[in-house]
Amino acid sequence: MAVGLTHLFSPLRMRGLTLRNRVFSTGHMAVMLDDGKVADSMVAYHAAKAKGGAALTIIEAARIHPSGDSGRPAIRAYDPACVSGYAKLAAACHAQGCKVFAQLSHPGREMTMAADGTHAVAYAPSAVPNERFHVMPREMPVAMIAEVVDGFETSARNIHDAGLDGIEIVASHGYLLGQFLNPRVNIRNDDYGGTLANRVRIIHEVIAAIRRGAGKDMVIGIRLSGEEKDHDGIEADEMFQMAQAIGADDDLDYLNITAGTSAGLAGSTHIVPSMRFEPGYTTPLSAAIRSVVAKPVFVAGRINQPQLAEQTLVRGAADMCGMTRALISDPEMPRKAQAGQLDDIRACVACNQACIGHMLNACAISCIQHPETGRELEYGTRVPAKQLRKIMVVGGGPAGMKCAAVAAERGHVVTLYEAGAQLGGQVALAQLLPGRAEFGGVTTNLAGEVQRAGVKLRLNTSVTRELVDDEAPDAIIVATGGTGRSPEIEGADDAHVVSAWQVLQGQANVGGRAVIADWRCDWVGMGLAERLARDGCHVRLAVNGMVAGQTIPQYARDSWLGDLHKLGVEIIPHMRLYGADAQDAYFQHTLSGEPVILNEVDTLVTALGTQSETTLEKALENWGGEIQVIGDALSPRTVEEAVLEGLKAASEL
Ligand SMILES: Cc1cc2nc3c(=O)[nH]c(=O)nc-3n(C[C@H](O)[C@H](O)[C@H](O)COP(=O)(O)O)c2cc1C
Ligand code: SF4
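Residues numbered from 1 in each chain as written. Chains lettered and ligands numbered in written order. Predicted model: local features only at pLDDT ≥ 70, side-chain atom pairs only at ≥ 80, totals over all residues. Heavy atoms only, no water.

Caption draft 1: Quick look at the pairing of strand β24 (residues 575-580). Pairing of β24 with strand β25 (residues 585-589), which is carried by 5 bridges, proceeds in the antiparallel orientation. Following the sheet pairing, L577 is matched in β25 by F587. The hairpin formed by β24 and β25 contains 4 residues between the paired strands. (Pairing = 2+ DSSP bridges. Helix = DSSP H or I, 4+ residues; strand = E, 2+ residues; numbered from the N terminus.)

Caption draft 2: Highlighting the sheet that holds β25. On the basis of which strands lie adjacent, the open sheet formed by 3 strands has the order β24-β25-β26 and antiparallel pairing. Of all the strands in the sheet, the pair left with one neighbour each is β24 and β26 (595-598). Here the average twist between neighbouring strands, direction ignored, is 30°. In the sheet, β25 pairs with β26 via 4 bridges, with the strands oriented antiparallel. Bridge assignment links F587 to a residue of β26, and that residue is V596. (Axes fitted to C-alpha atoms, helices over the stretch in contact; angles between N-to-C directions.)

Caption draft 3: Geometry of the sheet that holds strand β18 (residues 475-478). Read across the sheet, 5 strands follow the order β17-β16-β15-β18-β29 without closing on themselves; strand pairing throughout is parallel. Single-partner strands in this sheet number two, and they are β17 (456-458) and β29 (626-629). Pairs of neighbouring strands in the sheet enclose a mean axial angle of 20°, with direction left out of account. As defined by bridge partners, β18 adjoins β29 across 4 bridges and the pair is classed as parallel. From the neighbouring strand, I477 faces β29, where its bridge partner is Q628. Against the sheet, helix α15 (residues 398-409) engages β15 (390-394), β16 (413-417) and β18, with an angle of about 165° to β16. (Contact = heavy atoms within 4.5 Å.)

Caption draft 4: Region of interest: the layout of surface pockets. In this structure, the second largest pocket spans a volume of roughly 720 Å³. Those elements giving two or more residues to the lining of the second largest pocket turn out to be α1 (40-51), α12 (333-338), α14 (376-379), α15 and α17 (441-452). The element best represented in the lining of the second largest pocket is α1, accounting for 4 residues. Taken together, the residues of the lining of the second largest pocket break down into 6 nonpolar, 4 polar and 14 charged. (1 Å grid on protein atoms, 1.4 Å probe; cavity = no way out; pocket = protein on both sides within 12 Å on 5 of 7 lines; lining within 4 Å. Points joined across faces, edges and corners; volume = space filled by probe spheres on them. Nonpolar A, V, L, I, M, F, W, Y, C, P; charged D, E, K, R; others polar.)

Caption draft 5: Examining the site of ligand 2 more closely. Taken together, the neighbourhood of ligand 2 is formed by R325, I328, C348, V349, A350, C351, N352, A354, C355, C367, I368 and Q369. One can see that ligand 2 is located within the second largest cavity. Grouping the constituent residues of the shell around ligand 2 by class yields 9 nonpolar, 2 polar and 1 charged. (Near = heavy atom within 4 Å. Sits in = over half its atoms within 2 Å of the grid points.)

Caption draft 6: How the structure looks around the site of ligand 1. Inspection of the region around ligand 1 gives 21 residues, with T26, G27, R223, R302 and R325 positioned closest. Separating an oxygen atom of ligand 1 from a backbone N or O atom of R302 is a distance of 2.7 Å. For ligand 1, the protein covers 96% of the area, taking 600 Å² as the surface of the free molecule. The cavity where ligand 1 resides is the largest cavity. Of all the secondary-structure elements, those providing two or more residues to the shell around ligand 1 are β3 (23-28), α11 (324-329) and α13 (356-360). No other element matches β3, which puts 3 residues into the shell around ligand 1. Across the shell around ligand 1, the residue classes tally to 10 nonpolar, 8 polar and 3 charged. (Polar contact = N/O pair within 3.5 Å; in protein donor to acceptor, adjacent residues only side chain to side chain. Areas by Shrake-Rupley, 256 points an atom, 1.4 Å probe, with all protein chains shown as cover.)

Caption draft 7: Here's a closer look at the pattern of salt bridges. With the rule as written, the count across this model stands at 34 salt bridges. Ionic pairing is found between D602 and R513, a salt bridge with its closest N-O pair at 2.9 Å. Here D602 is found in the loop between β26 and β27 (603-607), whereas its partner R513 is found in strand β21 (residues 513-518), with 89 residues between them in sequence. On the basis of relative accessibility, which here comes to 28%, the residue D602 falls in the partly exposed class. For R513, a relative accessible area of 35% puts it in the partly exposed group. With its nearest N and O atoms 2.8 Å apart, the salt bridge here joins R534 to E530. Linking R534 with E530, this pair stays in helix α20 (residues 523-534), spanning 4 residues, or about one helical turn. What makes E530 buried here is its relative accessible area of 3%. One network of salt bridges, in which partners are shared, links R276, E530, R534, D563 and K566. (Salt bridge = Lys/Arg side-chain N within 4 Å of Asp/Glu carboxyl O. Buried < 20%, exposed > 50% of the residue type's maximum accessible area, 1.4 Å probe, protein only.)

Caption draft 8: Looking closely at empty space enclosed by the protein. Tallied over the entire structure, the rule returns 5 cavities of 30 Å³ or more. A volume near 800 Å³ is recorded for the largest cavity. Forming the walls of the largest cavity are 46 residues, and the residues nearest its centre are G27, H28, I271, V272 and I356. Within the residue set of the lining of the largest cavity, elements represented by two or more residues are β3, β6 (56-63), β7 (99-105), β12 (254-259), α11 and α13. For the lining of the largest cavity, the leading source of residues is α11, giving 4 residues. Across the lining of the largest cavity, the residue classes break down as 22 nonpolar, 17 polar and 7 charged. Considering the residues around the second largest cavity, the lining is formed by 14 residues, among which S329, C348, C351, C355 and C367 are closest to the centre. Among the residues forming the lining of the second largest cavity, the class breakdown is 9 nonpolar, 4 polar and 1 charged.

Caption draft 9: Looking closely at unusual backbone geometry. A positive phi angle, close to 60°, is found at A362, a residue other than glycine. Within the secondary structure, A362 is located in the loop between α13 and α14. Here the phi dihedral of A472 falls at roughly 45°; this positive angle occurs in a residue that is not glycine.

Caption draft 10: Representation of the environment of D230. As for its placement among the helices and strands, D230 is situated in the loop between β11 (219-227) and α7 (236-247). We classify D230 as buried; its relative accessible area is 16%. When the C-alpha positions of D230 and A350 are compared, they lie 21 Å apart, and in sequence the two are 120 residues distant. Excluding its chain neighbours within four sequence positions, the residues that come into contact with D230 are T261, G264, L265, A266, G267 and S268.

As structure tokens, then:
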């Protein structure tokens, strides 16, 4: 065991159940479903974490009543058809020594569009509107409250029949039960509203119903947002009192503390906090609640490394550490930590791209650094190569690094060539954006994989046709990446125009009044705006879209937008760059087609995307051997596609 991780690797007992250590995966929608039931891909996904050493995996929020069926795909736990899928998942995890709980939830007013594209009627404690989805709910009649409580019981019975170990009630994140707890959302004047005792009444009823359905042996826990961190959200001191009342329920075995609410854009960024939030920043909330509740307290929120989890336990801030994205990024993390291989852990960088970013697009979750996650059935085990071959991988960015590492793990003889002095490609630039230094971890992690796989590394080496002819490899992977796109800009000769890449690399000065022309609407425009505003510039961010960061996931974008607002950055939507002169930047409104002239511009910074670097590919046109082009060299996109294509290419060699 790694020195100093003794708390993390000590067991925890609850109601006759033993969890082998203190690492667990919190409930999260994996989008691996077969019409409201667990699909085989979900079984394989959870089994990978179980094999990697997690003590407990909590399956995603499942529906308990048809009134909560939103268009977002979810398990229907109230339907007995769910039992076989749950059972398969539980058996697969139990075989690896990992316990399995299910989450039960009702969205209340957090109803997204129904599956048929209409807006279903949303039921909530009161007719108080939601700000994020713009839903005006209908007050839930008392008879319906009873039906919903019954739905928890029916669902619990199904989960019990499937052989799971526990059930977690979702009263966090501003969903139905959280709405009952919030005195500004629950304005009822019957037995379910008003006083604290009335607002928690439904929670006690739900716990009792689950106990009836699940029997005396199953563990029951509840998830609570220690603080919702939004306008009209539950405050920490309010939750502190409610948690004491809820924690006193004899049928409840643990409390699981998190933060945020689905109800608003600000609160929802805390559901899956990005790298703009400190690792472990929710632990003061769990510590406060743990000090007044005589039950085990779980916590989650950016606990991305075992050392931080250990400190959390040592400080007494929690009894179990949720490390959800840490396990998405590296399902083997607990096993590696226990074996003392801390440097081999692929730490999550909280980019929120392939996990929650996919989920919000209703696609199966994965990880930008570890595309095997979510694709376990296809890429879960490395298949040794049938015939060992000599492989040249050209380009030391994410695509090349992943490809080289996987090809070498399969037994091939691999050399990775990089023209520059270090590995990383465009990640080296991306990590220079303010608040994005942690993104550099992608390079650290992949470089470690390259080294451990035994790849030969040739830095400062530009690969030419001659070198290829000399080396005579069996196959070449062209992963030469991309370069900043700088098309002709009318009038640019008279203007001070610099590119995003030049600014990031410190190769250009920017005047006091800057306009950023942001075509891609991604991290670059926002990051440049922040950096220049922090440097004291007046910044106008002219985006060719509806909002800055339009093409990046909401949970990576929104807290950043809030910070840009605080910094005084002016964001101008629907701007197509047209030209510039000494003092002005010319745009066209992308919808009206009308010209928009921005005056008093000292510097125009262009963030116009990337273009593929194709020199080597062209030089190899008549080479005759096996060539694969991957990543930005194939088509400029993001690290996620680069790493995935590296994996795919290497798996086919
Ligand atoms: C893809 C995804 C889906 C999620 N879905 C749920 C969910 O169904 N229920 C829930 O309580 N939390 C959900 N969450 C929040 C996580 O449970 C967890 O609190 C969050 O990821 C922060 O923990 P971490 O920093 O360890 O990842 C989801 C998170 C992710 C990444
Ligand atoms: S995609 Fe990003 S946030 Fe999600 S698990 Fe991977 S590294 Fe972490």
